[in-house]
Amino acid sequence: MQTIDQLLHAKWIITCEQNNRVLEHHALAIHEGKILDILPSKEASHRYQTKNEIHFNTHAIMPGLINAHTHIAMNLFRGLADDLELMDWLTNHIWPAEAKWVSHDLVYDGSLLAMAEMIRGGTLCFNDMYFFMNATAEAASKAGMRAHIGMTIIDVPTAWAKTTEEYFAKAIAFYEQYKTNPLVTPTLAPHSTYTVSIENLERVKRLADDYQLKINLHLQEAPSEMLQAHAKHQRRPLHRIHEIGLVSPQLIAIHMTQLNDEDLAILQETKPNIVHCPESNMKLVSGSCPVEKLDLLGINVALGTDGAASNNDLDMFGEMRSAAFLGKVTANDPCAVSAEKVLQMATLHGARALGIDHYTGSLEIGKQADCIAIDFNHIETQPLYHPVSQIVYATPRQQVTDAWVSGQPIMRNRKLIHLDEAELLTKAQNWRNKINCSYNAEPK
């Protein structure tokens, strides 16, 4: 018998690989952080020995979810301003609040609060875009999560940087500090085409090519953005950045709710990755990403929550359900955006968008053991006929019981391993008191 680090048995193992297998009464053999084997439980107990063998008799084990677009520190602005159109929400509420409050301490505390929420909801990897990236990176290392952290570029002075040169300099410094970190991956994050000049987007492209980085960009998110682009440039944003070579598999285009046939032709030719954020888009009435059309064109679509200030949570289970329902309505087809497809959007397709599908995003031999256990033995998820459908259409995030990153537990039986929930709640309340007092004192 071979001695290994741990053996996880489950009623179901859902692999989320390309031909997603649902295996009943199987086990994951994990050694040195990787999946060594996936095999029937009876066979596993005869082939492997370990001091760490766990039986999840009423659970499914599946890959950890990947939240492909976040602004996680904005958890501390959750519920600050609701029921508003995108540009009104940004310019009259969120940006003024950020100007007053964003700091290393706010980002660190907000990031930890968000990471606790994500882990408790089965998300083990996220793709972020915000300020004070070092604070988020420090928080991710503490929490034990995988973090893709966008190095923000924006032609607007903030508490993080006052000039474009400072944004770029701080981006390069952050990259140099974290380029070999096992959990933190730097990316480039120009905010949008309406807040970053075409010259600076060209500079972003050169930097991405030099350092082999992904580029995150809010793109064609809302009708107001399109009207603004037409008035100022007489061109659609996608067409403008296509002209400078920015549209490629290197690009992670976020939202993409405003697409016409010409746009779809460009996307089919260039194959960028797209992140669908259905709940944020519905709440702000920004539009709906045509997921089914994009999928039929062979374009990779991942799933994200956006920030908790516009969602108002980081619940990828809720996001999967919303993506499936909205996708069917948008396509006018009940067969569109199936449960199987949505589950892959939240796992393997997210990994593909981030360029990490060779080591995570699905349960396959040789990949990192990034996985979660979901307990189906609850009123809300019984009876059970099809595990994948049950996950997407019926399972609340509170039924995630355990989570591992590279085989290391970061949540066990709903208890976070590295984070103090009571301390996080106290800090959240302290920030609420400060922000709320200031927000309510100012004229709107």
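Counting starts from 1 at the beginning of each chain's written sequence and moves along it residue by residue. Reporting of local features is limited, given that this is a predicted model, to residues whose pLDDT is at least 70; pairs of side-chain atoms are given and counted only at 80 or more, and all residues count toward the totals for whole chains, interfaces and linings. Derived side-chain values reflect all non-hydrogen atoms in the structure, with water molecules and hydrogen atoms excluded from consideration.

Draft legend 1. Structural view of the environment of V342. Numbering goes from the N terminus for both helices and strands, where a helix is a DSSP run of H or I of at least four residues and a strand is a run of E of at least two. In this fold, V342 is placed in helix 13 (residues 339–345). Judged by its relative accessible area of 0%, V342 is buried. Residues V342 and H242, 100 residues apart in the sequence, show an inter-C-alpha distance of 28 Å. The buried label goes to any residue with under 20% of its type's maximum accessible area, the exposed label to any with over 50%, and the partly exposed label to all in between, with areas taken from a 1.4 Å probe on protein chains only.

Draft legend 2. Spotlight on the packing of helix 5 (residues 164–178) against helix 6 (residues 198–211). Two numbers describe how helix 5 lies on helix 6: the axes approach to 12 Å, and their chain directions differ by 15°. The orientation of helix 5 relative to helix 6 falls into the category roughly parallel. Our pair here, helix 5 against helix 6, has a crossing hand that is right-handed. Counting all contacts with helix 5, which are made through T164, E165, F168, I172, Y175 and E176, the residues of helix 6 involved are N200, R203, V204, L207 and Y211. Axes here refer to lines fitted to C-alpha atoms; in helices the fit is confined to the stretch in contact. Angles between the N-to-C directions go from 0 to 180 degrees. Relative orientations are named as follows: roughly parallel for angles under 35 degrees, roughly antiparallel for angles over 145 degrees, roughly perpendicular for angles from 65 to 115 degrees, and oblique for any other angle. Helix crossings fall into two classes, left-handed where the near helix is turned counterclockwise from the far one by less than a right angle and right-handed where it is turned clockwise. Note on contacts: a residue pair qualifies if any of its non-hydrogen atoms lie within 4.5 Å across the two residues.

Draft legend 3. Quick peek at the pairing of strand 2 (residues 6–14). When you tally the buried positions in strand 2, you get eight out of nine residues, the bulk of the element. In this structure, strand 2 lies alongside strand 3 (residues 22–31), joined through eight bridges in antiparallel fashion. The partner of A10 across the bridge, within strand 3, is H26. Two strands pair if DSSP finds at least two bridges between them.

Draft legend 4. Highlighting the side chain of S362. With respect to the element layout, S362 can be found in the loop between helix 14 (348–354) and strand 15 (371–375). A polar contact of 2.6 Å, which involves the side chain of S362, links it to the side chain of E364. Within polar-contact distance, the side chain of S362 engages the side chain of K367 at 2.6 Å. Two N or O atoms form a polar contact when they lie within 3.5 Å of each other; inside protein one atom must be a possible hydrogen donor and the other a possible acceptor, and for residues adjacent in sequence the pair counts only when both atoms belong to side chains.

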